[in-house]
Amino acid sequence: LHTHHATRFQRRYQHGEIFRYLGKDYPLNIITKSQGQSIAVSLSETTLDVSIPQTMPDDTDTRRHAIETFYRTQAKQFLPKRTQEIASQYDCTINRIIIKNQKTRWGSCSSKQNINLNLRLMMALPEAIDYIIIHELCHLTHMNHSQAFWNLVQQRCPRYQYWRHWFKDNAEYLVL
């Protein structure tokens, strides 16, 4: 399933820049800390906090890598668990769930019953994530985008059209 981000805005990883997490906006809060050897990224009630030791070089790449690692960690905790929950509702058998940072796809499903999911899904609303998971699980039954495939998607996710459009409308904000 493709991401379709047209007007891709340029990330600067600057204080105050908005990052989404599960559909909510969190301004980036850059904190310089006197202690420690490593960057810490965490989510507070209102901000995405990036604590950088004074001893470390603080540049865009450092911040980008730390933030991407944070989203990857969250994705590995959240996405496979959610996928298994939904799969068990429909008696789907999955081989492996693989988390990737893909530029052009939210998810994919292979004939070996492996499901790939984009770590940037952690930026989307939980219902939007469920739609992507359902879409990929339906490919276990139909490895195509036939009418039968879309009928199954609709059966499992009646508002799928809404979520397809939601991704098109929001893709430009769901970038790392």
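First things first, this report covers the structure right here in the doc. (Residues numbered from 1 in each chain as written. Predicted model: local features only at pLDDT ≥ 70, side-chain atom pairs only at ≥ 80, totals over all residues. Heavy atoms only, no water.)

### Here we look at the overall build of the protein chain
Tallying secondary structure elements over the protein chain gives four helices and seven strands in all. Secondary structure elements in the protein chain, listed N-terminal to C-terminal, are β-β-β-β-α-β-β-β-α-α-α. Dimensions of the protein chain along its principal axes, counting C-alpha atoms only, are 60 × 30 × 25 Å. When contacts within the protein chain are restricted to residue pairs at least 6 apart in sequence, long-range pairs at least 24 apart make up 49% of them. For the protein chain, the exposed surface amounts to about 9400 Å²; the carbon and sulfur share of it is 47%. Computed over 22 positive and 15 negative side-chain charges, the separation of the two mean positions in the protein chain equals 6 Å. (Helix = DSSP H or I, 4+ residues; strand = E, 2+ residues; numbered from the N terminus. Contact = heavy atoms within 4.5 Å. Areas by Shrake-Rupley, 256 points an atom, 1.4 Å probe, with all protein chains shown as cover. Lys, Arg positive; Asp, Glu negative; His and termini not counted. Charge placed at Lys NZ, Arg CZ, Asp CG, Glu CD.)

### A closer look at the pairing of strand 1 (residues 18-21)
Two faces belong to every sheet, and in a regular strand the side chains alternate between them. Two elements, strand 1 and strand 2 (residues 24-33), share four bridges in a ladder whose sense is antiparallel. Each residue of the ladder has a partner; that of Arg20, found in strand 2, is Asp25. In sequence, strand 1 turns back onto strand 2 through a hairpin of two residues, with Leu22 there showing a positive phi of about 45°. (Pairing = 2+ DSSP bridges.)

### What about the packing of helix 1 (residues 60-89) against helix 2 (residues 126-138)?
Closest axis-to-axis distance for the helix 1/helix 2 pair is 10 Å, and the angle between their directions is 60°. It follows from the interaxial angle that helix 1 and helix 2 lie oblique. Remark: the crossing between helix 1 and helix 2 carries right-handed chirality. Across the interface between the two elements, Phe78, Leu79, Arg82, Thr83, Ile86 and Ala87 of helix 1 pack against Ile129, Asp130, Ile133, Ile134 and Leu137 of helix 2. Considering only residue class, the contact of helix 1 with helix 2 consists of eight nonpolar, one polar and two charged. (Axes fitted to C-alpha atoms, helices over the stretch in contact; angles between N-to-C directions. Parallel < 35°, antiparallel > 145°, perpendicular 65-115°, else oblique. Left-handed = near helix turned anticlockwise from the far one by under 90°. Nonpolar A, V, L, I, M, F, W, Y, C, P; charged D, E, K, R; others polar.)

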